[in-house]
Amino acid sequence: MAAHEAGMTHKSEFRAGRQLGLNHVKLGMWLFIASEVMFFGGLIATFLKYKLALPTNEAAHLDVTLVGANTFLLLTSSFTLVLALAGLRDGKRGAFLRNLLFTVLLGALFLAGQGYEFSLLYAEGVTLSSSLFGSTFFTLTGFHGLHVLIGVVWALVLIVRGTRGAYSADNDLGIEIFGLYWHFVDIVWIVLFTLIYLI
Amino acid sequence: MQASTEGRKHTNRSTYALVFLVLVIVTAAEVGLTTLGLPQGSLTVLFLALSLVKAALVAGFYMHLRDDPPVYTYIFVLPAIMLAAFVFMASLY
């Protein structure tokens, strides 16, 4: 009986596009995230290698308080995004769209903060080509910023589609997949903040 | 697109808020610690451990890894372990 039920479940899962008993889109996103771990891993390893092998006083130009505030923005954007998904699943359309918009604004503010930080560093002579520290720092944080920018554009598309009724409590996969991406970008920043600014 | 049925026993808002609070307080404490001028060596291990805790909180609660099938966790953690091994080996040279 139990085996029969399991067989039926598998069959219906197969029809729903979940041959492995897993959602294929979600599985694909997690595999992409795994590749992103290696992508950022290479950049992080390079940054750390030069930080340890060739210590420079340029790191003293980094403003931990400013970047700490920026980190707060990104952490908050993750919180508003889980609230958006929870709102959607509870059928609260207003809360869904409002929190998604907050996520976009917080992401954009993070980028503005990063732009301000970069401009301060450039004014103090720390540039992409000033030293190995500058090269690895701007490459690493710049690629993270690019990921935030992509996330902001993606979220804007979701908002436009959301206002047209593309998502509902029964049709939330698009939002969940974006959530995986956005929270991963948040996790990368948590790690970068520690490795670049704290230690 | 079909709705995802995985992880639908979703975490409630107060848990999300609690996770957010912990993330913010830990980050603020870290920034505060850097201003005290304590010996860097003793803090490095603490900061690394705290960043792991924060990353695990986001992945577990916000990315729903606590509720979803464990295969997603393996997919995420395996390359991270490989990466840690790679960084360790690179640091030997």
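Before reading further, recall that the structure is shown in the block above.
Note that the structure is a prediction, hence the values are computed from the model and not measured.

Cut-offs used in this document
- Residues numbered from 1 in each chain as written.
- Chains lettered and ligands numbered in written order.
- Predicted model: local features only at pLDDT ≥ 70, side-chain atom pairs only at ≥ 80, totals over all residues.
- Helix = DSSP H or I, 4+ residues; strand = E, 2+ residues; numbered from the N terminus.
- Buried ≥ 20, exposed ≤ 12 C-beta atoms within 10 Å, placed from the backbone.
- Contact = placed C-beta atoms within 7 Å.
- Nonpolar A, V, L, I, M, F, W, Y, C, P; charged D, E, K, R; others polar.
- Core = buried A, V, L, I, M, F, W, Y, C linked by C-beta atoms within 7 Å.
- Axes fitted to C-alpha atoms, helices over the stretch in contact; angles between N-to-C directions.
- Parallel < 35°, antiparallel > 145°, perpendicular 65-115°, else oblique.

Novice: When you look at the overall build of chain A in this model, what are you seeing that I'm missing?
Specialist: Assigned secondary structure in chain A consists of six helices and zero strands. Written out in order from the N terminus, the α and β elements of chain A read α-α-α-α-α-α. Within chain A, buried positions represent 38% of all 199 residues. The contacts of chain A with a sequence gap of at least 6 include a subset with a gap of at least 24, amounting to 78%.

Novice: Is there a simple way to explain the overall build of chain B in this structure?
Specialist: In terms of helices and strands, chain B carries three helices and zero strands. Sequence-ordered secondary structure for chain B, helices as α and strands as β, is α-α-α. Classification of the 93 residues of chain B by burial places 22% in the buried group.

Novice: Just checking my understanding: could you explain the interface of chain B and chain A for this structure?
Specialist: How big an interface is tends to be stated in terms of accessible area lost as the parts join. With 37 residues of chain B at the contact, the number on the chain A side is 43 residues. Among the elements of the structure, α1 (13–34), α2 (40–62) and α3 (70–91) of chain B are those that each provide at least two residues to the side of chain B that touches chain A. With eleven residues, α3(B) is the largest single contributor of residues to the side of chain B that touches chain A. For the side of chain B that touches chain A, the residue count by class is 25 nonpolar, eight polar and four charged.

Novice: What am I meant to see in the nonpolar core here?
Specialist: Buried together is how nonpolar side chains tend to be arranged in soluble globular proteins. Membership of the largest hydrophobic core comes to 59 residues, with the highest contact counts inside it found for A84(A), I187(A), V188(A) and F193(A). The element that contributes the greatest number of residues to this core is helix α6 (residues 173–198) of chain A, accounting for 17 residues.

Novice: Quick question: what am I supposed to make of the environment of V45(B) here?
Specialist: Relative to the helices and strands, V45(B) is located in helix α2. Taking the C-alpha atoms as reference points, V45(B) and A55(B), separated by ten residues in sequence, lie 15 Å from one another.

Novice: Just checking my understanding: could you explain the packing of α6(A) against α2(B) for this structure?
Specialist: For the pair α6(A) and α2(B), interaxial distance at closest approach is 9 Å and the crossing angle is 175°. As judged from the angle between their axes, α6(A) and α2(B) are roughly antiparallel. Taking contact as the criterion, the partners of H183(A), D186(A), I187(A), I190(A), V191(A), T194(A) and L198(A) in α6(A) are, on α2(B), F47(B), L48(B), S51(B), K54(B), A55(B), V58(B), A59(B) and Y62(B). Looking at the contact of α6(A) with α2(B) residue by residue, the class counts come to ten nonpolar, three polar and two charged.

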